Structures are given as structure tokens and as C-alpha cells.
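# Observations on the three-dimensional arrangement
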Amino acid sequence: MLFKDMNLHPNLLRSIADRGYTETTPVQDRTLAETLEGRDVAVQSQTGTGKTAAFLITLYENMLSGQTQKWRSALIIVPTRELAVQIEGEARLLVRHLKFHIGCFYGGVGYEKQEAQLRQGTDIIIGTPGRLLDLSEKGLLKLKEVGYLVIDEADRMFDMGFLPDIKRLLQKMTAPRVRQSMLFSATLSRMSRKIALEYMHDPVFIELTPENLTVDTITQELYRVKSHIKPNLLLGILAKEKPANALIFVNMRHTAFKLAKKLDLNGYRCRYLSGDLPQLKRLQIMEDFMEGKFPFLVATDVAARGLHIDDLEMVVNYDLPQDHENYVHRIGRTARCGKSGKAISFADEKFGEHLYPIEAFLKQRIPEKPVTMDMFATDRSLEYEAQHKYERGPETPGRSGGGPRGGGGGGVDRNRGGRERSGGAPRPRSPHGSGHGSGSSRGH
Ligand code: ADP
Ligand code: MG
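Cut-offs applied
Residues numbered from 1 in each chain as written. Chains lettered and ligands numbered in written order. Predicted model: local features only at pLDDT ≥ 70, side-chain atom pairs only at ≥ 80, totals over all residues. Heavy atoms only, no water. Near = heavy atom within 4 Å. Polar contact = N/O pair within 3.5 Å; in protein donor to acceptor, adjacent residues only side chain to side chain. Areas by Shrake-Rupley, 256 points an atom, 1.4 Å probe, with all protein chains shown as cover. Phe/Tyr/Trp six-rings, centres within 6.5 Å; stacked < 30°, edge-to-face > 60°. Helix = DSSP H or I, 4+ residues; strand = E, 2+ residues; numbered from the N terminus. Buried < 20%, exposed > 50% of the residue type's maximum accessible area, 1.4 Å probe, protein only. Pairing = 2+ DSSP bridges. Axes fitted to C-alpha atoms, helices over the stretch in contact; angles between N-to-C directions. Contact = heavy atoms within 4.5 Å. Lys, Arg positive; Asp, Glu negative; His and termini not counted. Salt bridge = Lys/Arg side-chain N within 4 Å of Asp/Glu carboxyl O. Arc of directions from axis to C-beta.

### Regarding the site of ligand 1
Taken together, 18 residues lie around ligand 1, and Tyr-21, Glu-23, Gln-28, Gly-48 and Thr-52 are the ones closest in. At 2.8 Å, a side-chain N or O of Gln-28 approaches a nitrogen atom of ligand 1. Gly-50 is positioned with one of its backbone polar atoms (N or O) 3.1 Å from an oxygen atom of ligand 1. In isolation ligand 1 exposes 570 Å². Once the protein is present, 85% of that is buried.

### Overview of the packing of aromatic side chains
The tally for this structure, following the rule as stated, stands at 7 aromatic pairs. Aromatic pair Tyr-60 and Phe-100: ring centres 5.3 Å apart, planes at 5°, arrangement stacked. Placement of the pair is Tyr-60 in helix H3 (residues 51-65) and Phe-100 in the loop between helix H4 (81-94) and strand E3 (102-105), with a sequence separation of 40 residues. For the pair formed by Tyr-60 and Phe-100, the shared burial category is buried. Site record: aromatic cluster; members linked through ring pairs are Tyr-223, Tyr-318 and Phe-346.

### Notes on the sheet that holds strand E9 (residues 246-249)
If you trace the 6 strands from one edge of the open sheet to the other, you get E8-E13-E12-E9-E11-E10, paired in parallel fashion. Two strands lie at the open edges of the sheet, namely strand E8 (218-224) and strand E10 (270-273), each paired on one side alone. Averaged over neighbouring strand pairs, the angle between their axes works out to 20° when direction is ignored. Two elements, E10 and strand E11 (residues 296-299), share 4 bridges in a ladder whose sense is parallel. For Tyr-272, the partnering residue across the bridge sits in E11 and is Val-298. In this fold helix H11 (residues 253-265) packs onto E9, E10 and E11, with an angle of close to 170° to the strand it touches most, E10. Helix H14 (residues 324-331) contacts E8, E9, strand E12 (314-317) and strand E13 (341-347) of the sheet and is inclined by roughly 155° relative to E12.

### With respect to the environment of Leu-238
Note that Leu-238 resides in helix H10 (residues 230-241). Classification of Leu-238 by relative accessible area gives buried; the value is 2%. With 139 residues separating them along the chain, Leu-238 and Ala-377 place their C-alpha atoms 9.3 Å apart. When neighbours within four sequence positions are excluded, Leu-238 is seen to be in contact with Pro-243, Leu-263, Tyr-268, Phe-296 and Met-314.

### Digging into the side chain of Asp-123
Of note, Asp-123 is situated in the loop between helix H5 (112-120) and strand E4 (124-127). For the buried Asp-123, no salt bridge exists, and the shortest N-O distance to an oppositely charged side chain is 9.6 Å, to Arg-92. Only 2.6 Å separates the side chain of Asp-123 from the backbone nitrogen of His-101, close enough to count as a polar contact.

### Points about helix H1 (residues 10-19)
Along H1, the positions that sit buried rather than exposed are Leu-12, Ser-15 and Ile-16. Taken end-on, H1 shows its buried residues confined to a sector of 100°, consistent with a single buried face. Projecting away from the buried face of H1 at angles above 90 degrees are the exposed residues Pro-10 and Ala-17. Turning to H1, the residues buried within the fold contact H3 and H4.

### Thoughts on the sheet that holds strand E7 (residues 204-207)
Spatial strand order, E3-E4-E2-E5-E6-E1-E7: 7 strands in an open sheet with parallel pairing. In this open sheet, the two edge strands, each paired with only one partner strand, are E3 and E7. For this sheet the average axis-to-axis angle between neighbouring strands, irrespective of direction, equals 15°. Bridge analysis of strand E1 (residues 41-44) against E7 gives 4 bridges, and the strand direction is parallel. Looking across to E7, one finds that Ala-42 is bridged to Phe-205. Each of strand E2 (73-77), E3, E4, strand E5 (146-151) and strand E6 (180-185) is contacted by H3, which is oriented at about 170° to E6, the strand it contacts most. Helix H9 (residues 190-199) rests against E1, E5, E6 and E7 of the sheet, and its axis sits at about 155° to E7.

As far as function goes, none of this settles anything; it's purely spatial.
Have a look at this one:
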């Protein structure tokens, strides 16, 4: 449906047009049909389908048309700070011709600014569960005054252990029938349904694509490979396919760090994102990646879920996810809003066992590609590391020359710049992967 044909407030229509949206996405269509009538909804729709605008447009329109009533704020609960900031960004874009005050509230940073903002009055409150609870306990966030509630990435939030916090928040609010509540998730687990039924007023369940979970525009490929030569295969694939950017998923934090460093030393500008990095650092890395400041990012599920990167060409499951639903979330990062993308997965002796549940969940086989020797590329980081050790002596923890923490949180590219450029380290832009056999021969 065209937005301009919808009976929305003229200023909201202008904001939507300025944002560049002309037509609703399917999930927006189905959601707005219910929510603009004031009904509660629990919505399942894949990542990247436009759920954010679905609830923001609902909030703005209903808050505008409800102005004769006592003013009530909207609360949007999200699992991560990154997502909070992302939603804030979209909210600000869509508020352009409106007068709502938007605030973002999350942990890991000081309270002062956030408290001041609440005192001044905030109409659209976006936040993570823990910080919202803190602020409500301090009496600054008045949960009884919340007239609109959004729970975004609900299943994710429960996966991350936020259920008790969310329940506490919900219990402090007014009765479900005197507010409008909306729940959104890429999947609707039993827990999400239960929360919807318990804390929402007669919610309409809207489910899109529950059967065929992956979008057709994603090309999926599976490679069976031993774990110790995965770096060489990845390097070979990157050299051959030359993606403009790629998001690489791993299962463990230490793999994220090590692999990012490896890729970086091989000439692929790369950083890593994992849950143990400080919030601010994670946010910065994510923003830089989204802005294309560096093309490759290695991430764990917790760190990357719910975010979107426009024009992501490739997703790599360097480790197959332990949770089959995460496969869908991961590869859904590419091919957003109809664009095409590629999803490459490695099945190794450690995580290969997760393939069966993933395929059972997808109700399809992931096309397997034979692995041949010419696909492997030499891992130049080994050369660099050997030289590095020779020049500087064995690494001691805490020294600033390149120990895991030395370069500072997310980066692996600091303190190396001078050396690389002076020729001390190999940093080929593209390792021209074909024909390098040494990587694989090392491995066997
Ligand atoms: P989800 O929350 O479902 O994962 P998002 O809300 O993050 O998805 O939206 C994914 C992308 O689609 C964003 O880049 C957003 O700007 C874009 N988008 C949303 N609605 C529309 C629309 N009606 N027309 C065009 N693009 C849209
Ligand atoms: Mg979303």
C-alpha cells in the first residue's frame, strides 16, 4: 500500500516521504492495519523487513490522534544498546516534521545525561531492560504514564536472559487494556507468545513467512572443511569472490579476535565485535562498519543481532551456529529489503553437527560445494607473526605492541601502521588466492 493513500497525519506523511519510503512493506501493511485501529499485536517477521517503521509510524500516528487524551509516552524495550541507537536514528528521521521528544536509555554509560533528559520530558523512550528498570526505581521513569509499549526483538531479549527484567517492567505498568502494546520478533517462541497473552490486551498475532524462513535472494553455499584450515579457505574465498564487504560469524569471543587479526594481517581491513568489548567500543565499531569505514567484521551472535547493514554482500558462517534459528538471523543480514546476497557456511568437525538441525529448521538442504585444493590461500599472517616475534621477542601480556589487549578493544590495526607500510609486514590488498597451496599443505 502507498503511504500517501493511508489516512495518516499530514506531517507524518511528510516525514515518511522525506525518509524515502513510498510503499509499505508486507509486515508494515499487516501491522498498521491492526495497530492504527488501536489493537495490540504480536508480530513475527524476518530481520530486515521493516518492523521498526511499523511500530514507529503506529506510535506517531496514534499519539498524534490521541492528543485530546491525557498525554502518554511510548516505551520501546530492546535487547541491546546498538539496537536502541539504531531505532533512535530511525525515530529521529521519521519525527522530522513532528514535535515528539525522543530519548535513548541504556547501560554502560553514566546516568546524568539520561536522567536530565527524562526530567525534561521524553515522549518516545527507547531503552534496554536493565537501565530502564534502574531509572524507574529512581522514580525518573514513570512506567505508569506509559501509554504505548513496544517490545522489539522479543525472542532475542528472552535468549539473553532479560525475561525477569521485562516482567518487572511490565508489572509496574498500567493494565494492558489501558495502553497499546506491540511485540516484534524475527521468531515468535512460546515465551514471546506467552508474554503477549499475559501482558497484552487481546493481541492479534501476525506472522509472515513462518514456513520459508530464508529469503530467496540469498545464495547459500556450504563447505565441509577441517577447522584448522578454515582460515585458508576463507582467505581463498575472499580472494576469489572479492566481496566489497562481509560479516563473518563465529561462535566464540576468542575466535572473533583471532580471526579478525588474521584477516587484517592478510590485507583485509577487519575488526571484531564480541560481547566482552565495552559497550561504547562495540557501538563505535558497529557504526564504523555500517558507514563502510572498514569492510570486514567478525562477530559473535550476541554482538551482531538485530542490526542491519545496508548493502552487505556476504555473510560467512565461519562456525555454524549452535542455535538453528541464529542461522536465519545471521544470513538475513544480507539481502535486506530485496537485495541479493551470499551466505557461505563452513561445516567442520566441531560445529558440523549443527547442520542437521539447521536444515531441518529451514526445511531445505544448504547446497554443498566441493572443497578443492585450489580454493585455499596462504595465510600471510603466519609470516607476519613469525617476523613480529623475531623482531620484538616473544609477546608478553599487556605490552602495547600487539598483544591481544594492546591495540585496544575492537581494533587489530593499531600500533602496526608504521611497520606495515615500511614493508615490515606483508599486507597485500588481495592475496590473489588462486593456486596458493601452502595454506592447505600446512594444514594436512
Ligand atoms: P527489521 O526490524 O524488520 O529487521 P528494519 O526496520 O531494520 O527491519 O528495516 C530494514 C530496512 O528496510 C531499513 O534499512 C529500513 O530503512 C528499510 N525500510 C523499512 N521500511 C521501508 C519501506 N516502507 N520502504 C523502503 N525501505 C524500508
Ligand atoms: Mg528490528
